Amino acid sequence: MTVTTPEHVGATRGLPTLGPEGTRLLRLLDDTFESWGVGAGARPMTMPPLLPAADLARLDYYDNFPHQAVVAAPLDLERRTTAPFSPESGTFPAEALQPAALGLPSASCYAVYLTHQGTSVADDTLVTICSWCFRKETHYEGMRRQLGFRMREIVAIGSQEHAESHLVDFTARVRAYAAALDLPLNREAATDPFFDKGSSKALLQRLTPVKHEFLYEDLAIASVNTHRNFFGDRCSISLDSTGGPAFTSCVAFGLERWLSALTRRYGSWEAASEAVLDANARMRADASLAAGPVI
């Protein structure tokens, strides 16, 4: 007899649920990553789950990630009577919908840049957020690959030096945490494009990768990303100090993917949670030792 647990319900559709143990571990991880951002001076913010499709299009999102894009549209109340919901296919036909003017973003940071559009920022601005993200995939697999998932990000907006040092600092933090967890991670260059494939920036991206992923076995669970001044240009985000376009970078943690990696590594929710608590304690102790005595 096969027992269906909450974690398995909807998993093959990319919409798994979490029971109490998984929920506690997800919150523990998110609190940990958020504390890293806040400790570095980031402002916690909450972003909307939907964004105007026109704004995402302005950021080349639908040119660079059409295979992942998910959009949302309300029902057309007049036409739905002649184009009703189909129980057989489990869908509403396209003619029963109004135009899709809303997008479900595949990463948390898009909302940060759009929120700051048309503003001037300090050279060392940091923001941390956790948002639902959505990606259409060729297949879905438990906590490894999902249609809807949560992503914690720590986003730098400001000078080029600030954006670059942000990634250096958090690359070291991720590596130290992986060591404390005894979770072997490989850092590899990724090929996800931030820029139009035919642009000069795309060529620069191929010469100098803008994204590196941290993989447990074959699963990317975190990434560090530099966008140079792409979002600063597109969103008209300027620097207080110079008036020029801001540079941006971000560190991203796929929370459900961390759950998958940790339970594969340790075999159970309880053992994975204990490993995280122990690693957090070691990281705090190391930070205290590094700070030295207060005189």
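Residues numbered from 1 in each chain as written. Predicted model: local features only at pLDDT ≥ 70, side-chain atom pairs only at ≥ 80, totals over all residues. Heavy atoms only, no water.

Engineer: Quick rundown of the overall build of the chain? Include the residues and the values.
Structural biologist: Within the chain, the secondary structure is distributed over 9 helices and 12 strands. Expressed as a percentage of the 295 residues in the chain, the buried residues total 46%. Residue pairs in contact within the chain that sit at least 24 positions apart in sequence constitute 72% of those at least 6 positions apart. (Helix = DSSP H or I, 4+ residues; strand = E, 2+ residues; numbered from the N terminus. Buried < 20%, exposed > 50% of the residue type's maximum accessible area, 1.4 Å probe, protein only. Contact = heavy atoms within 4.5 Å.)

Engineer: Which residues make up empty space enclosed by the protein, and what values do they have?
Structural biologist: Applying the stated criterion across every chain yields a total of 1 cavity of 30 Å³ or more. One number sums up the size of the largest cavity: a volume of about 40 Å³. As for the largest cavity, its lining consists of Pro48, Pro49, Leu51, Pro105, Ala107, Ser108, Ala111, Ser131 and Trp132. (1 Å grid on protein atoms, 1.4 Å probe; cavity = no way out; pocket = protein on both sides within 12 Å on 5 of 7 lines; lining within 4 Å. Points joined across faces, edges and corners; volume = space filled by probe spheres on them.)

Engineer: Please provide a residue-by-residue account of unusual backbone geometry, values included.
Structural biologist: Phi is positive for Glu217, which is not a glycine, with a value near 55°. With respect to the helices and strands, Glu217 occurs in the loop between β9 (211-216) and β10 (219-228). The phi dihedral of Ser236 is positive, around 55°, even though this residue is not glycine. Residue Ser236 is classed as partly exposed on the basis of its relative accessible area of 48%.

Engineer: So what's going on with the side chain of Glu137? Which residues, and what values?
Structural biologist: Here Glu137 lies in the loop between β6 (124-134) and β7 (148-158). Discounting residues that sit within four places of it in the chain, Glu137 has contacts with Arg145 and Gln146.

Engineer: I'd like a rundown of the sheet that holds strand β12 (residues 247-254), residues and numbers included.
Structural biologist: Taken in spatial order, the 7 strands line up as β1-β6-β7-β12-β10-β9-β8 in an open sheet, and their pairing is mixed. Bordering the open sheet on either side are β1 (43-44) and β8 (186-189), each of which pairs with just one other strand. As paired strands, β10 and β12 are joined by 6 bridges and run antiparallel to one another. Across the sheet, residue Val224 finds its bridge partner in β12, namely Val251. Running over the sheet, helix α1 (residues 20-39) touches β1, β6, β7 and β12 and is turned about 5° from β7. Seen against the sheet, helix α5 (residues 160-181) touches β6, β7, β8, β9, β10 and β12 and runs at an angle of roughly 20° to β12. (Pairing = 2+ DSSP bridges. Axes fitted to C-alpha atoms, helices over the stretch in contact; angles between N-to-C directions.)

Engineer: Account for the environment of Cys109, naming residues and giving values.
Structural biologist: Among the structural elements, Cys109 can be located in helix α4 (residues 109-115). Taking the relative accessible area as the measure of exposure, Cys109 reaches 3% and is therefore buried. Contact partners of Cys109, with chain neighbours within four places excluded, come to Ile129, Glu153, Val155 and Cys250.

Engineer: Describe in detail the packing of α1 against helix α8 (residues 255-266), supporting the description with residues and values.
Structural biologist: It is at 10 Å that the axes of α1 and α8 come closest, and there the two elements cross at 115°. At the point where α1 passes α8, the crossing takes the right-handed sense. Touching Gly22, Leu25, Leu26, Leu29, Asp30 and Phe33 of α1 are Leu255, Glu256, Trp258, Leu259 and Leu262, all from α8. (Left-handed = near helix turned anticlockwise from the far one by under 90°.)

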